[in-house]
Amino acid sequence: MVKLPQKHLLFALFFFGFFFQTSLVSANTPQLVKDIYSGTNGSTPKYFVYNRNTGKLYFQATTPDYGAELWQTDGTVAGTSQVMDLNPGTSSSNPTYLTVSAGQLIFQAQNGSDTGICYLEGTSYIAMVTTLPSDFVMARRLSRTVFPKFDYGVFYQGVDGNNGNVLWGDGGQFYNYPRAVLYTNTNSYPLNKFLSLNSLNTLFRVDKTGANGNGDELWFVGYDGNQPDQAISQLLMTSYGTDDTALGNFTLNLSDDPYYPTADFVVFTADNGSTGTEPWVWRSFNIEQPVDLLMDINPGSASSYPQNVVYVYPLNLFFFQANDGSTGNEPWVTDGTPESFFSGSTHILKDIDPGENSGGFTVPMVAGSNVFFSSLGGLWITDGTEAGTSFVK
């Protein structure tokens, strides 16, 4: 059994799963790609994102000479390097919210004088497209979208001293596209748990459970494909009230920094007070009823507690862990069709530990058309079918 030092474990496991698909490392031998911070200290690599156009993985790493900066790798020692010292010297640029939109790497970072939205030009030059507003206090989440008239655009959020919490959409000064306010609340209720959707839109939650608040709200904001300068906003669901949009509670953060660039549906969890905590779905093409119960997996008032949700782009499927009350916590898969419309669209993928015992579906990681995940203390892989779900190591 290969045992790696703690400082290398996360980095090596990530590459093991990711490059298993590209055959850059052998299927059964996890290995360290590079000791970025020499010695016993760790470089704390995080915020991994892969760009298919360049064939490279990008992430933040910290070294004593340059601080926290943007790094890239192709899975080899020679191909692993710092992209650029954006904030010169030992100060950090702190690249965060890394994402790939329309083949372009976009992220938020500091260059020593400004904090802004940056993009990677070529292989070693970082350009700051737009600085954040002067009244911008803190970025809670940087989401992303693709504008139909431009190569890319972004959503980002901040705290405006005059207007409370504000969500902006911005095509960037690089394209001379004006910044637009998509949503604002003067009470400064937190905006959180963002889900970026099908390249144009996003869902987010407004936390109004604090002082003078009524409860949580689920909002949709985005742009009209025919008129990208016209913002759209719609209240979809509340955790208060008595109408059809009211649910007992709901959550959107089913995975870390979720992003569904081509999905026309998104899975999240909610409790409507009668079916327990179950998977729900937002569907872009159903204008009259965009939010619906996906399936009452654990029938009645009991809950299946779905979690660890991931989206696989080539398959257009969502995977998650759930408990139906008889098979324990196991991996499930769905194409987003509510059970009330078509039975069987959401089903258990494989009962890994047969019976009421739980096999589990934890630490899922998407690699092309496959999902690597942990179950029964080992590494598993699935292609979305029961026959294609197997133990790796």
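Calculation criteria
- Residues numbered from 1 in each chain as written.
- Predicted model: local features only at pLDDT ≥ 70, side-chain atom pairs only at ≥ 80, totals over all residues.
- Heavy atoms only, no water.
- Helix = DSSP H or I, 4+ residues; strand = E, 2+ residues; numbered from the N terminus.
- Buried < 20%, exposed > 50% of the residue type's maximum accessible area, 1.4 Å probe, protein only.
- Contact = heavy atoms within 4.5 Å.
- Pairing = 2+ DSSP bridges.
- Phe/Tyr/Trp six-rings, centres within 6.5 Å; stacked < 30°, edge-to-face > 60°.
- Lys NZ or Arg CZ within 6 Å of the ring centre and 35° of its normal.

Digging into the overall build of the chain
Secondary structure summary: the chain contains one helix and 29 strands in total. In the chain, which comprises 393 residues, the share counted as buried stands at 50%. Across the chain, every contact between residues at least 6 apart in sequence was considered, and the portion connecting residues at least 24 apart equals 42%.

Description of the sheet that holds strand β29 (residues 390–391)
Spatially, the four strands line up as an open sheet ordered β26-β27-β28-β29, and their pairing is antiparallel. Each of the sheet's edge strands pairs with one partner strand only, and the pair in question is β26 (362–367) and β29. Here strand β27 (residues 370–375) pairs with strand β28 (residues 378–382) via five bridges, running antiparallel. Considered in β28, the bridge of F373 is made with W380.

A look at the pairing of β26
By the bridge criterion, four bridges tie β26 to β27 in an arrangement that is antiparallel. Of the residues in β27, the one forming a bridge with V366 is V371. Linking two consecutive strands that pair antiparallel, namely β26 and β27, is a turn of two residues; a positive phi of about 65° is found at G368 within it.

Examining the side chain of Q72
Mapped onto the fold, Q72 is located in strand β3 (residues 67–73). Look at Q72 and you get buried, because its relative accessible area is 6%. Ignoring anything within four residues of it in the chain, the contact list for Q72 reads K56, L57, Y58, F59, G79, T80, S81, V83 and T123.

Some thoughts on the environment of T337
Along the chain, T337 turns up in the loop between β24 (329–334) and β25 (346–348). Residues T337 and D292, spaced 45 residues apart in sequence, show a C-alpha to C-alpha distance of 9.5 Å. Beyond its immediate chain neighbours, meaning those up to four positions away, T337 contacts L294, F342, S345 and T346.

Concerning the packing of aromatic side chains
Taken as a whole and assessed by the stated rule, the structure comprises six aromatic pairs. Aromatic side chains F48 and F59 sit 5.5 Å apart centroid to centroid with 40° between the ring planes, which places their arrangement in the tilted category. Residue F48 is found in strand β1 (residues 46–51), and its partner F59 is found in strand β2 (residues 56–63); the two are separated by eleven residues along the sequence. Classification of F48 as partly exposed rests on a relative accessible area of 21%. Seen in terms of ring centroids, W380 and F391 are 5.9 Å apart; in terms of plane orientation they differ by 70°. Their pairing is edge-to-face. Of this pair, W380 sits in strand β28 while F391 sits in strand β29; the two residues are eleven residues apart in sequence, bridging distant segments of the chain. With a relative accessible area of 11%, W380 lands in the buried category. Among the aromatic residues, those joined into a cluster by ring pairs are F361, F373, W380 and F391. The cationic tip of R283 hangs over the ring face of F341; the distance from NZ or CZ to the ring centre is 4.7 Å.

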